[in-house]
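The primary structure of each chain is shown beneath.
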2 protein chains.
Amino acid sequence: MIQIAVLGYGTVGSGVVEVINTNHESINKKAGEEINIKYVLDLREFPGDPVEDVLVHDFETIINDPEVQIIVEVMGGVEPAYTFTKRALEAGKCVCTSNKELVARHGLELLEIAREKDINYLFEASCGGGIPIIRPLNSSLTADEIDEISGILNGTTNYILTKMAEENADFEDVLKEAQEKGYAERNPEADVEGFDACRKIAILSSLAFGCHVDYEDIYTEGITKITVEDVKYAKGIGMSIKLLATSKREDGRFYAMVSPVLVGQDSPLYSVNGVFNAIFIHGNVLGDAMFYGSGAGKLPTASAVVGDVVDCAKHLHRNIMMSWSSKRLERMDIKDVEHPFFVRIKGSMTGDIGSVEEVFGKVKTVGVPDVAGEFGFVTAPMSEAAFEEKAAKLPDIITRIRVRA
Amino acid sequence: MIQIAVLGYGTVGSGVVEVINTNHESINKKAGEEINIKYVLDLREFPGDPVEDVLVHDFETIINDPEVQIIVEVMGGVEPAYTFTKRALEAGKCVCTSNKELVARHGLELLEIAREKDINYLFEASCGGGIPIIRPLNSSLTADEIDEISGILNGTTNYILTKMAEENADFEDVLKEAQEKGYAERNPEADVEGFDACRKIAILSSLAFGCHVDYEDIYTEGITKITVEDVKYAKGIGMSIKLLATSKREDGRFYAMVSPVLVGQDSPLYSVNGVFNAIFIHGNVLGDAMFYGSGAGKLPTASAVVGDVVDCAKHLHRNIMMSWSSKRLERMDIKDVEHPFFVRIKGSMTGDIGSVEEVFGKVKTVGVPDVAGEFGFVTAPMSEAAFEEKAAKLPDIITRIRVRA
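Residues numbered from 1 in each chain as written. Chains lettered and ligands numbered in written order. Predicted model: local features only at pLDDT ≥ 70, side-chain atom pairs only at ≥ 80, totals over all residues. Heavy atoms only, no water.

As a further point, take helix 8 (residues 171–181) of chain B. All names here are of chain B. Those residues of helix 8 that fall on the buried side of the exposure criterion are F171, V174, L175 and A178. Seen from one end, helix 8 has its buried residues packed into an arc of 105°, which puts them on one side. For helix 8, exposure combined with an orientation more than 90 degrees from the buried face picks out E172, D173, K176 and E180. Its buried side turned inward, helix 8 meets helix 7 (155–167) and helix 9 (189–192). (Buried < 20%, exposed > 50% of the residue type's maximum accessible area, 1.4 Å probe, protein only. Helix = DSSP H or I, 4+ residues; strand = E, 2+ residues; numbered from the N terminus. Arc of directions from axis to C-beta. Contact = heavy atoms within 4.5 Å.)

Below, the discussion takes up helix 4 (residues 81–90) of chain B. Residue and element names in this part refer to chain B. Within helix 4, the full set of buried residues consists of A81, Y82, F84, T85, A88 and L89. When helix 4 is viewed along its axis, its buried side chains cluster within an angular range of 165° and face the same direction. Looking one or two residues past helix 4, G92 carries a phi angle of roughly 85°, positive in sign.

This part covers the UniProt feature "active site" (unreviewed entry) in chain A. Residue and element names in this part refer to chain A. If you check UniProt for "active site" (unreviewed entry), the listed places come out as K200 in our numbering. Tracing the backbone through its elements, the reader meets K200 in helix 10 (residues 195–209). Excluding residues within four positions of it along the chain, K200 makes contact with K100, S126, C127, G128 and L153. (UniProt positions renumbered as here; feature names shortened; annotations may be inferred.)

Another aspect to go through is unusual backbone geometry. Residues and elements named next belong to chain A. The step from E79 to P80 runs through a cis peptide bond, and the omega angle for that step is 5°. Relative to the elements of secondary structure, P80 occurs in the loop between strand 4 (68–73) and helix 4 (81–90). Although it is not a glycine, D118 adopts a positive phi angle of roughly 55°. The topology assignment puts D118 in the loop between helix 5 (100–117) and strand 6 (121–122). Accessibility expressed as a relative area gives 36% for D118, which makes it partly exposed.

Before going further, it helps to spend a moment on the packing of helix 4 of chain B against helix 5 (residues 100–117) of chain B. Residues and elements named next belong to chain B. Here helix 4 crosses helix 5 at 10°, and the two axes come no closer than 9 Å. Relative to helix 5, the element helix 4 is oriented roughly parallel. Touching A81, Y82, T85, K86, L89 and E90 of helix 4 are L102, H106, E109, L110, I113, A114 and K117, all from helix 5. Here the contact of helix 4 with helix 5 is composed, by residue class, of seven nonpolar, two polar and four charged. (Axes fitted to C-alpha atoms, helices over the stretch in contact; angles between N-to-C directions. Parallel < 35°, antiparallel > 145°, perpendicular 65-115°, else oblique. Nonpolar A, V, L, I, M, F, W, Y, C, P; charged D, E, K, R; others polar.)

What follows concerns the sheet that holds strand 2 (residues 35–41) of chain B. Residues and elements named next belong to chain B. What the six strands build is an open sheet, ordered 3-2-1-4-5-6; its pairing is parallel. Of all the strands in the sheet, just strand 3 (55–56) and strand 6 (121–122) have a single pairing partner and so form its edges. Judged from the two bridges that link them, strand 5 (residues 94–97) and strand 6 form a sheet pairing that is parallel. Across the sheet, the residue bridging to V95 is Y121, located in strand 6. (Pairing = 2+ DSSP bridges.)

It is worth spelling out the environment of A:I70 at this point. All names here are of chain A. Mapped onto the elements of the fold, I70 is located in strand 4. For I70, a relative accessible area of 0% gives the class buried. As for I70 and E189, which are separated by 119 residues in sequence, their C-alpha atoms are 33 Å apart. Leave out the neighbours within four places in its chain, and I70 touches I2, Q3, I4, A5, C94, C96, V309, C312, A313 and L316.

We now examine the interface of chain B and chain A. In this assembly, 44 residues from chain B lie in contact with 44 residues from chain A. Counting each side, the surface lost to burial between chain B and chain A is near 4,000 Å², with a carbon and sulfur contribution of 52%. Looking at the side of chain B facing chain A, the largest losses of area belong to B:T142, B:V285 and B:Y292, adding up to 15% of the total buried there. Here chain B is connected to chain A by zero salt bridges. (Buried area = accessible area lost by both parts, 1.4 Å probe. Salt bridge = Lys/Arg side-chain N within 4 Å of Asp/Glu carboxyl O.)

Residues and elements named next belong to chain B. Positionally, S98 belongs in the loop between strand 5 and helix 5. With a relative accessible area of 14%, S98 lands in the buried category. Each residue touching S98, except ones within four places of it in the same chain, is listed here: V12, E73, V74, A125, S126, T301 and V305.

Now for the relation of the copies chain B and chain A. Between chain B and chain A, which share one sequence, the superposing operator has a rotation angle of 180° and an axial displacement of 0.0 Å; the RMSD is 0.0 Å. These values place the two chain copies in the arrangement generated by a two-fold rotation axis. Identified as the residue of chain B closest to the rotation axis by C-alpha distance is B:F291, at 2.4 Å. When the interface residues of chain B are mapped onto chain A, 100% of them again fall at the interface, so both copies present the same face. (Least-squares fit on C-alpha atoms with pLDDT ≥ 70 in both.)

Scanning all chains against the criterion turns up 48 salt bridges over all chains. Residues B:E148 and B:K248 are paired through a salt bridge, measuring 4.0 Å at the closest nitrogen-oxygen approach. You can see B:E148 sitting in strand 7 (residues 146–152) and its partner B:K248 sitting in strand 9 (residues 239–250), a full 100 residues away along the chain. Relative accessible area serves as the criterion here: at 8%, B:E148 is assigned to the buried category. Residues participating in the shared-partner salt-bridge network are A:E124, A:R135, A:D308 and A:D311.

Now for the side chain of A:D144. As for its placement among the helices and strands, A:D144 is situated in the loop between helix 6 (134–140) and strand 7 (146–152). Salt bridges are absent for the buried A:D144, whose nearest opposite-charge side chain, B:K30, sits at 7.7 Å. At 3.0 Å, the side chain of A:D144 and the backbone nitrogen of A:V285 are in polar contact. A polar atom in the side chain of A:D144 sits 2.6 Å from the side chain of B:S303. With sequence-adjacent residues up to four places away left out, A:D144 is seen in contact with A:G283, A:N284, A:V285, A:L286, B:N23, B:S26, B:K30 and B:S303. (Lys, Arg positive; Asp, Glu negative; His and termini not counted. Polar contact = N/O pair within 3.5 Å; in protein donor to acceptor, adjacent residues only side chain to side chain.)

Residue and element names in this part refer to chain A. When you line up the elements, V16 lands in helix 1 (residues 11–22). The buried category is assigned to V16, whose relative accessible area is 0%. In this structure the C-alpha to C-alpha distance between V16 and A302, which are 286 residues apart in sequence, comes to 4.8 Å.

How two aromatic rings sit relative to each other is set out by the distance from centre to centre and by the angle between their planes. All names here are of chain A. Tallied over the entire structure, the rule returns 25 aromatic pairs over all chains. Each ring, one from F59 and one from F84, has its centre 4.0 Å from the other, and the planes form 10°; the classification is stacked. Residue F59 is located in helix 3 (residues 59–63), and its partner F84 is located in helix 4; the two are separated by 25 residues in the primary sequence. On the basis of relative accessible area, F59 is assigned to the buried category, the value being 4%. Accessibility expressed as a relative area gives 16% for F84, which makes it buried. Taken together, the aromatic side chains of F341, F360, F375, F377 and F387 make up a single cluster linked through ring pairs. (Phe/Tyr/Trp six-rings, centres within 6.5 Å; stacked < 30°, edge-to-face > 60°.)

Turning our attention to the pairing of strand 15 (residues 341–346) of chain A. Residue and element names in this part refer to chain A. Taken across its six residues, strand 15 has five buried, putting it largely inside the fold. Sheet topology note: the strand 15/strand 19 (residues 397–403) ladder contains five bridges and is antiparallel. Each bridged residue has a counterpart across the sheet, and for R344 the counterpart in strand 19 is T399. Pairing of strand 15 with strand 17 (residues 374–378) involves five bridges; the strand directions are antiparallel. Bridge assignment links F342 to a residue of strand 17, and that residue is V378.

Here we come to the domain arrangement of chain A. Taken domain by domain, chain A consists of domain 1 (2–129 + 299–314), domain 2 (135–294) and domain 3 (337–403). Using C-alpha coordinates to define each centre, domain 1 of chain A is positioned 51 Å away from domain 3 of chain A. (Domains from an automatic or database assignment.)

Printed below as a string of structure tokens:
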């Protein structure tokens, strides 16, 4: 029997307990041994909940119990999760987590402790919720050099953008509705400003490129400025607006960015709607691949955490190599990154296209019937720096959105 | 250094050699040791090809060399691949393969030999080409009870169906074009009759359900009867026709079938086009997930085979448990399986809808402007048996296609 402890009985923690109880028979079979929840740590009481039997309030009870071999950290936030995780690993206990803040900030250090101790620190649930992506990156796509990993990594913003497109509704209205339905937090900043996606793409890039990508180095732009007019133009050119986290490697240099991007129908990311997430990968021999699924939610996230528990059980005293290393790739200046841009500008298509093409060269124009006094156009691919320089010459520009090439 | 041998220097075999040469640095790092191709077995000569240095014509050279620890079987077909694989495993050598015929027919037996010898028989490339699916099923989705695994598992037929829809072209014309471009074999039967997809869904079902699914038990219908008119109706109802391999488990019973199916835009399978493949999974806690990528092709397939070689190298004398067992699930009679049906019938919508609804109850009608003298309708969900009984009462029915519920 393998004894485990769950730190935190919130949404994910209670999901982990539920999943282990629901599927115990098949889980034990796959783990090769019975998995038993010996402790659940939480500061709160849960009167009447069956968890009461195993509930403890003091981490010392867990860390000092030599029977506990696997610890599930689903507290969220950096502290005390960091201290507890570090102490657990140093005591030779495996740790599985869904905590993206902690993995993005201290993942490298915690993985190194696990490696030294020949145990495991696993975090499948930290990126893409239930979507298996960390383990495939680590143990399936090993024949490839991965040159791109990009994804729709935040369910809340994808839900908002999908609703805006479906209902021709404004950002603020959809956000309010999402908050009422529980799809968005009361303080939605981490989601709508792109910070959540930023941490996830930092983790995924580190694993895909076998180096260390600092989330603070990633250019991040949220969806708060996207309007219903933008969404109408997107439909007009047969594209959809997604909050895309993109990371690319070229000739030993890389860049990563999070921003709203127009995605065309030829991309499998185009039709990833609602709270679903998807992660796109390009490998130098594999070509294109995409992983799609529930990016958040109690049970999908718990499914990924428990999958890690099973993997830990199968490798109790054997480190599963992860390619995340302290090596740093040279960062490309975001100003050098090239893509087409979609632009909205005040004026009339017939009257003002001349001055636009004088600055941008040949562009593809687009008009939307019920948006008057302006028009839109898509430029040829150009660097961010070149775009900014040109755009400065046209004071009537309303907005610009990057286009996935 | 780990010595390997490659059996077969055809498309996939030469791809394996190319991938190992191209990415040798990162592959060796991930394997933890240098991977060296000591032998390539083929009956043919390859004058001037660098493979000449390691080319052998006799399997005995390989099986009798104790240095060879991993064998890559990419010959295709059942014999001599079966004999070679069995002898290799019995001699304690790991085997990696892309050979779906062999895995579907003898996978259970070969996996059991590998288990006894504490080595591995891996076949990631046998289903879905480069798409990581076997390993995620085996080591990521372990917290779930999987109740559905369905997929677009054959690139040739998906290419043909996509082209038919894009160009309003007939099956025969697109098949001819696909043959000229090398996307379809000169003898296309295994693809267009669904036999290839059938073998793959048998393998995937066996792993997903932890039992043995015999491919000969799977109802299989190909795409040869799909016409350009069917494709036009599909567009008329906002759906696309896919050759879908579906396997579902309910209350300890299961069914699997391969057939053309109308898929709606709310399914992520809808927009899987061209030679791409995708595998959809539903788990009882995970919910929906989908894996997308190149289902065939020299390098994507080789990427999956070499990923298996790396995994074998990391687990040289340690069996990676696979859940495929000799247990058999009770099969559901395909006649009891329920879904809506799309039907084309001779007549006029206004004149004949009465007699249709007398038989089928309320249906959703659809007309296509340039297809005269007939109309289409979609029934409520009903069993195959009920549909057949009702359809027998309407002699003017032209065709029927199942609809994904």
